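# Chains, contacts and geometry: an overview
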Amino acid sequence: MTIFNKFLLNTLQFLFYIFPVSFVFGNSVTNLFILSISLIGIYYYNIELFKWKEKYLVIFLSLFFGIILFSTYLQSFLVSKNPDTIKSIYFLRYLFLLFILRTMIVKRDLKVNYMIIGCLIITLLLSTDVIIQYLFEKNLLGYEPISWVKDVTYHTSIFKNDLKAGGFILMF
């Protein structure tokens, strides 16, 4: 393995391991992570991405994304101009992300335990911060809970004025 290939693999592993952190910073950072993982993974694994023993899974997943593309373009041409036409192409990044993730797991290039432990640590820190903010009316960074309605208080943790903490804890 060349030094450049080792660097690509280490970068790909690092991006996967810290991928849950991207959800904290919002959609733009998450999309940047997915794009980076996809481009590096396609370059590193190239044809190996499509070598599956279970051919029916590849066909099923490809058909699913193909139907999304076909139905979007069919609606765009027959019914009206659809602003989501370009978005349907962007959905292909999830197909490539799935192929890359599967290839990394099968080739044992990705240790899923590290990713699970990372998600656990991030969720525990965020949950602890929300509990501290609930109990002491300030979190570890000094942010106070926000209230938009008279009797409703939102504990936002590190997100200050964004109501993301509950969704993040729920998803992880």
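In this report, we go over the structure that sits alongside the text. All values derive from a computational prediction rather than experimental measurement.

## Side note on the packing of helix α3 (residues 27-45) against helix α6 (residues 92-106)
- At their nearest, the axes of α3 and α6 sit 9 Å apart, and the two run at 55° to each other. Judged by the angle between their axes, α3 and α6 are oblique. Classified by chirality, the crossing of α6 by α3 is left-handed. Here Asn31, Ile34, Ile37, Ser38, Gly41, Ile42 and Tyr45 of α3 lie close against α6, whose contacting residues are Arg93, Tyr94, Phe96, Leu97, Ile100, Thr103 and Met104.

## A short note on the side chain of Arg102
- Assignment of secondary structure puts Arg102 in helix α6.
- For Arg102, a relative accessible area of 19% gives the class buried.

## Observations regarding unusual backbone geometry
- In this structure, Arg108 takes a positive phi of about 60° despite not being glycine.
- Along the chain, Arg108 turns up in the loop between α6 and α7 (112-136).
- A residue is classified by how much of its surface remains accessible, and Arg108, at 71% relative accessible area, is exposed.
- Phi at Glu137 takes a positive value of approximately 65°, unusual for a residue other than glycine.
- Summarising the element assignment, Glu137 is placed in the loop between α7 and β1 (146-149).

## Some points on the nonpolar core
- In this structure, Leu12, Phe16, Ile37, Tyr45, Phe99, Ile100 and Met104 are the most contacted members of the largest nonpolar core, which totals 24 residues.
- Sorting the residues of this core by element identifies α1 (3-17), α3, α4 (55-78) and α6 as the ones contributing at least two each.
- The element contributing the most residues to this core is α3, with 6 residues.
- Contacts of Phe16, omitting those with residues within four sequence positions, involve Ile37, Leu97, Ile100, Leu101, Met104, Leu110 and Met115.
- Judged by nonpolar contacts, the second largest core, of 7 residues, contains Val24, Leu126, Ala165 and Phe168.

## Points about α3
- Taking 1.5 Å of rise per residue, 19 residues should cover 27 Å, and α3 covers 26 Å from first to last C-alpha, within 8% of that figure.
- Every buried residue belonging to α3 is among Thr30, Phe33, Ile34, Ile37, Ser38, Ile40, Gly41, Tyr44 and Tyr45, and all of these are buried.
- At its buried positions, α3 is contacted by α1, α2 (19-25) and α6.
- Following α3 by one or two positions, Asn46 has its phi on the positive side, about 25°.

## Quick look at the packing of aromatic side chains
- Tallying each qualifying case throughout the model produces 6 aromatic pairs.
- Arranged with centres 4.7 Å apart and planes meeting at 85°, the rings of Tyr44 and Tyr45 form a pair that is edge-to-face. In this pair, the class of Tyr44 matches that of Tyr45, namely buried.
- Here Phe91 and Tyr94 contribute two aromatic rings whose centre-to-centre distance is 6.3 Å and whose plane-to-plane angle is 40°, an arrangement assigned as tilted.
- For Tyr94, a relative accessible area of 31% puts it in the partly exposed group.

## Topic: α4
- With 24 residues, α4 ought to run about 34 Å at 1.5 Å a step, and its terminal C-alpha atoms sit 33 Å apart, in line with that.
- Within α4, the full set of buried residues consists of Val58, Leu61, Phe65, Thr72 and Ser76.

## Regarding the packing of α4 against α6
- Close contact between α4 and α6 brings their axes to 10 Å; oriented N to C, the two are set at 170°. Considered as vectors, α4 and α6 are oriented roughly antiparallel to each other. α4 and α6 meet at a crossing whose hand is right-handed. Listed contacts from α6 to Val58, Leu61, Ser62, Phe65 and Leu69 of α4 are Leu92, Tyr94, Leu95, Leu98 and Phe99.

Cut-off values and rules
Residues numbered from 1 in each chain as written. Predicted model: local features only at pLDDT ≥ 70, side-chain atom pairs only at ≥ 80, totals over all residues. Heavy atoms only, no water. Axes fitted to C-alpha atoms, helices over the stretch in contact; angles between N-to-C directions. Helix = DSSP H or I, 4+ residues; strand = E, 2+ residues; numbered from the N terminus. Parallel < 35°, antiparallel > 145°, perpendicular 65-115°, else oblique. Left-handed = near helix turned anticlockwise from the far one by under 90°. Contact = heavy atoms within 4.5 Å. Buried < 20%, exposed > 50% of the residue type's maximum accessible area, 1.4 Å probe, protein only. Core = buried A, V, L, I, M, F, W, Y, C linked by side-chain atoms within 4.5 Å. Expected span 1.5 Å × (residues − 1). Phe/Tyr/Trp six-rings, centres within 6.5 Å; stacked < 30°, edge-to-face > 60°.

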